[in-house]
Every structure is written in C-alpha cells, then in structure tokens.
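So the chains spell out like this:
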Amino acid sequence: MTRPVMVVHGGAGDIPDELADGHRRGVAHASQVGWEILLAGGPAEDAVEAAIRVLEDDPVFDAGRGSFLDLDGVLSMDAAFMEGGRLDAGAVAGISEIPNPIALARLLVPTPHLLLLGEGAHRWGEAHGLLRCDPDELIVQRERERVQAHPLAHDTVGAVALDVEGHMAAGVSTGGSPLKVPGRAGDVPCIGASIYADDLVGAVSCTGVGEQITRIVMAKRCVDRLGQGGVTAQQAAEESIAYLARRVEGVGGLIVVSRDGQVGCALNTPRMSRAWIIPDGSFAGLEPDD
C-alpha cells in the first residue's frame with residue numbers, strides 16, 4: 001500500500017495582501033477535502049476533482065466563481081484533468097455556463113474526446129448530467145470593478161494526488177488572465193503544458209503566464225526530468241521554473257508529487273498559495289520562503 005499525498009495550489013502571482021489570508025485558508029481547506037478522500041482509500045481522481053471544486057467555489061480564487069473577466073467583461077474559463085494510469089485526459093476551454101469546469105474536463109477522460117470548446121462543451125456537459133448556470137452567477141463584484149493594478153495577478157488553481165494504490169492524477173482550472181483578449185486561452189487546456197500525470201513517474205500542475213508555460217511544455221518537462229533518476233521532486237520543480245525563466249523569460253510556479261510520494265514546489269513570482277498533506281504532516285503557505 002502506498003502512502004497517499006495531496007497537494008494543491010491556488011495560483012502564482014502578485015497576490016494582494018487583502019486576499020492573502022483567504023488564499024491560505026482556501027488552499028488548506030481544499031487539501032483537507034482531497035486528503036480525506038485519499039485517507040478513506042478513494043482514488044486520486046476523486047481527490048483532485050474535489051479539491052479543485054473547493055477552489056472553484058471560493059470567490060477568492062481565479063477559477064469558477066471569482067474568475068477574471070475579459071476586455072468585453074465576459075467570463076471565460078478553462079480546465080484540464082489527467083490520470084496517470086492510461087494517460088487519459090480531458091480539457092475544456094471558453095466555458096461560461098458550467099460552475100465547475102474541472103468536473104466537465106474530468107467527464108471527458110474516459111471518452112474519445114480530449115478537448116471541447118465553448119457552447120459545444122456546455123451542451124455536452126449538460127447531456128452528461130452537469131447543470132448549466134447563468135454566467136452572471138459566477139461573476140463577483142471585485143472583477144466587475146477591477147482595474148488592472150496587479151500585472152501578475154493570482155491565477156489558475158490546481159491539484160495533484162497520489163492514492164493508496166499508487167495511482168496519480170492532476171488537474172487545473174482557471175478564469176484566465178485579467179482583462180484578457182476575448183477568445184484567449186493559455187496553457188490550461190494544453191495537456192503537457194499545464195498538467196501531466198504518469199503513474200510511472202509523477203504528477204504536476206502548473207500556474208503562471210500560460211503562453212510562456214506552453215512554449216516549454218512545462219508540466220511534461222518536469223515529469224520527464226523527474227523520470228531521469230537521481231532527481232528529487234523538489235529538484236525537478238526548481239529546474240523547471242529555472243528553465244522557464246531562462247529560456248522564455250517566463251514567470252510561474254508548479255507543484256509536483258513523485259511516484260514515491262515526494263512533494264516538490266517552485267515559483268519565481270512574488271507569491272503562490274499552496275498546501276499539501278502527507279502522512280507525516282501538513283503545510284499551507286503563500287510566500288516563496290514559506
């Protein structure tokens with residue numbers, strides 16, 4: 001039996017002081033929800049989805065309720081989900097009427113479909129049991145009044161998990177960047193860039209400037225580095241962020257869990273909220289040196 005691990009992040013960036021406590025509480029709560037599933041013997045997929053749903057439902061974060069609006073004042077969300085056994089995955093982009101995009105992305109995992117967009121994704125989700133909502137229900141007043149004062153504003157929530165069977169999963173969900181160009185999608189719906197999970201190696205979830213992350217396919221790069229042997233999860237995380245900065249002058253962060261239960265985390269932004277629970281203890285923090 002494998003020792004379970006639950007890791008979540010609430011986004012990397014210039015998280016304002018007024019949201020700092022909410023971030024810490026939010027990621028701690030999300031990790032606890034996922035951990036309880038793993039502790040009861042549940043699968044990594046259930047733990048990852050449940051943890052990300054918590055963050056999507058929390059208006060503090062840029063995912064689900066609380067997502068950023070684009071230049072037209074429109075809500076547009078993306079999400080992706082991957083399991084590490086068969087390497088099955090699902091992603092959605094341009095979502096505005098499904099309160100929990102991560103649930104929609106996960107529904108695609110056992111199907112022939114990898115990526116669905118916009119209205120087609122809404123209809124597909126509704127046909128498979130997800131309730132649609134009015135996009136206005138997901139918009140918070142903070143975003144209606146937003147002035148782009150934080151160029152590295154917090155974004156993209158995610159989670160990775162290792163269950164008692166040694167199976168892994170990874171997920172990510174975002175409302176995108178503040179005042180983004182209508183129709184823009186970053187790394188989130190790009191499997192290998194935003195997330196990757198392989199039971200033979202590890203699972204990763206990324207956050208940051210999506211275009212930069214996609215250009216180096218950061219999640220897959222981190223998993224590949226971890227799989228080379230003699231590299232810890234923390235080393236793989238740090239090397240991936242260093243490469244992001246060096247190769248494309250990118251900014252962001254990531255969380256990783258290895259097949260043997262090591263946890264890694266790295267960032268080159270002012271802050272990144274993250275939390276994890278392992279059998280030996282737990283952690284929740286925001287600052288780079290936490």
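This text gives an overview of the structure that appears in the document. Keep in mind it's a predicted model, so treat the numbers as computed, not measured.

This part covers the sheet that holds strand E9 (residues 252-258). The strand order across the open sheet formed by four strands is E7-E8-E9-E10, and the pairing between neighbours is antiparallel. The outermost strands of the open sheet, each flanked by one partner alone, are strand E7 (195-198) and strand E10 (263-267). Neighbour to neighbour, the strand axes of the sheet diverge by 10° on average, direction disregarded. When E7 meets strand E8 (residues 202-208), the two strands line up antiparallel, connected through four bridges. Across the sheet, the residue bridging to Ile195 is Ser205, located in E8.

The subject of this paragraph is a nonpolar patch on the surface. Together, Leu71, Leu179 and Val181 make up a nonpolar patch on the protein surface, roughly 260 Å² of accessible area in all. Position of Val181 relative to the elements: it lies in the loop between strand E6 (168-174) and E7. Its relative accessible area of 53% is what places Val181 among the exposed residues.

A separate point is the side chain of Gln212. Positionally, Gln212 belongs in helix H6 (residues 210-215). A distance of 3.0 Å separates the side chain of Gln212 from the backbone nitrogen of Val251, its partner in a polar contact. The contacts of Gln212, once residues within four sequence positions are left out, are Leu244, Val248, Glu249, Gly250 and Val251.

Core analysis: the largest hydrophobic core is formed by 45 residues, its most contacted members being Val204, Met218, Leu254 and Val256. Ignoring any residue separated from it by four or fewer positions in sequence, one finds Met218 in contact with Gly192, Ala193, Cys206, Ile213, Ser240, Ile241, Leu244, Gly253 and Leu254.

Viewed as axis vectors pointing N to C, helix H7 (residues 218-226) and helix H8 (residues 233-248) meet at an angle of 140°, and their least axial separation amounts to 9 Å. As the angle between them shows, H7 and H8 are arranged oblique. Like other packed secondary-structure pairs, H7 and H8 cross with a definite hand, here right-handed. From H7, Met218, Arg221, Cys222, Arg225 and Leu226 reach across to H8, where they touch Ala233, Ala236, Ala237, Glu239, Ser240, Ile241, Tyr243 and Leu244. The class makeup of the residues in the contact of H7 with H8 is nine nonpolar, one polar and three charged.

Of note, Gly66 is situated in the loop between helix H2 (44-57) and strand E2 (77-83). With 108 residues separating them along the chain, Gly66 and Thr174 place their C-alpha atoms 9.8 Å apart.

Here the focus is the pairing of E8. The side chains of a regular strand alternate, first on one face of the sheet and then on the other. Burial analysis of E8 places seven of its seven residues in the buried class, the great majority of the element. Residues of E8 alternate between two faces, with Gly202, Val204, Cys206 and Gly208 on one and Ala203, Ser205 and Thr207 on the opposite face, all of them buried. Here E8 pairs with E9 via seven bridges, running antiparallel. Among the inter-strand pairings, Gly202 is bridged to a residue of E9, identified as Ser258.

This part covers H2. Helical periodicity: at 3.6 residues per turn, an α-helix aligns residues three or four positions apart in one direction. Compared with an ideal rise of 1.5 Å per residue, which puts 14 residues at 20 Å, H2 spans 20 Å between its outermost C-alpha atoms and is within 8% of the ideal. The element H2 is largely enclosed, with a buried count of eleven among its 14 residues. Looking only at H2, the buried set comprises Ala44, Glu45, Ala47, Val48, Glu49, Ala50, Ala51, Ile52, Val54, Leu55 and Glu56.

A few words now on a positive patch on the surface. A cluster of basic residues, Arg215, Arg221, Arg246 and Arg247, forms a positive patch on the protein surface. The topology assignment puts Arg247 in helix H8.

This next bit is on the pattern of salt bridges. One pass over the structure, following the stated rule, counts 15 salt bridges. Across the pair Arg24 and Asp21 runs a salt bridge whose closest N-O atoms are separated by 3.2 Å. Here Arg24 and its partner Asp21 are both found in helix H1 (residues 17-39), three residues apart, which amounts to about one turn of the helix. Overall, Arg24 belongs to the partly exposed group, its relative accessible area being 29%. Taking the relative accessible area as the measure of exposure, Asp21 reaches 48% and is therefore partly exposed. For Lys220, the salt bridge identified is with Asp224, shortest N-O distance 2.7 Å. Taken together, the residues Lys220 and Asp224, both in helix H7 and four residues apart, mark about one turn of the helix.

Here is what the cut-offs are and how they apply
- Residues numbered from 1 in each chain as written.
- Predicted model: local features only at pLDDT ≥ 70, side-chain atom pairs only at ≥ 80, totals over all residues.
- Heavy atoms only, no water.
- Pairing = 2+ DSSP bridges.
- Helix = DSSP H or I, 4+ residues; strand = E, 2+ residues; numbered from the N terminus.
- Axes fitted to C-alpha atoms, helices over the stretch in contact; angles between N-to-C directions.
- Patch = residues over 30% accessible without salt bridge, like charges linked within 9 Å, V, L, I, M, F, W, Y side chains within 5 Å.
- Areas by Shrake-Rupley, 256 points an atom, 1.4 Å probe, with all protein chains shown as cover.
- Salt bridge = Lys/Arg side-chain N within 4 Å of Asp/Glu carboxyl O.
- Buried < 20%, exposed > 50% of the residue type's maximum accessible area, 1.4 Å probe, protein only.
- Polar contact = N/O pair within 3.5 Å; in protein donor to acceptor, adjacent residues only side chain to side chain.
- Contact = heavy atoms within 4.5 Å.
- Core = buried A, V, L, I, M, F, W, Y, C linked by side-chain atoms within 4.5 Å.
- Parallel < 35°, antiparallel > 145°, perpendicular 65-115°, else oblique.
- Left-handed = near helix turned anticlockwise from the far one by under 90°.
- Nonpolar A, V, L, I, M, F, W, Y, C, P; charged D, E, K, R; others polar.
- Expected span 1.5 Å × (residues − 1).
- Lys, Arg positive; Asp, Glu negative; His and termini not counted.
- Charge placed at Lys NZ, Arg CZ, Asp CG, Glu CD.

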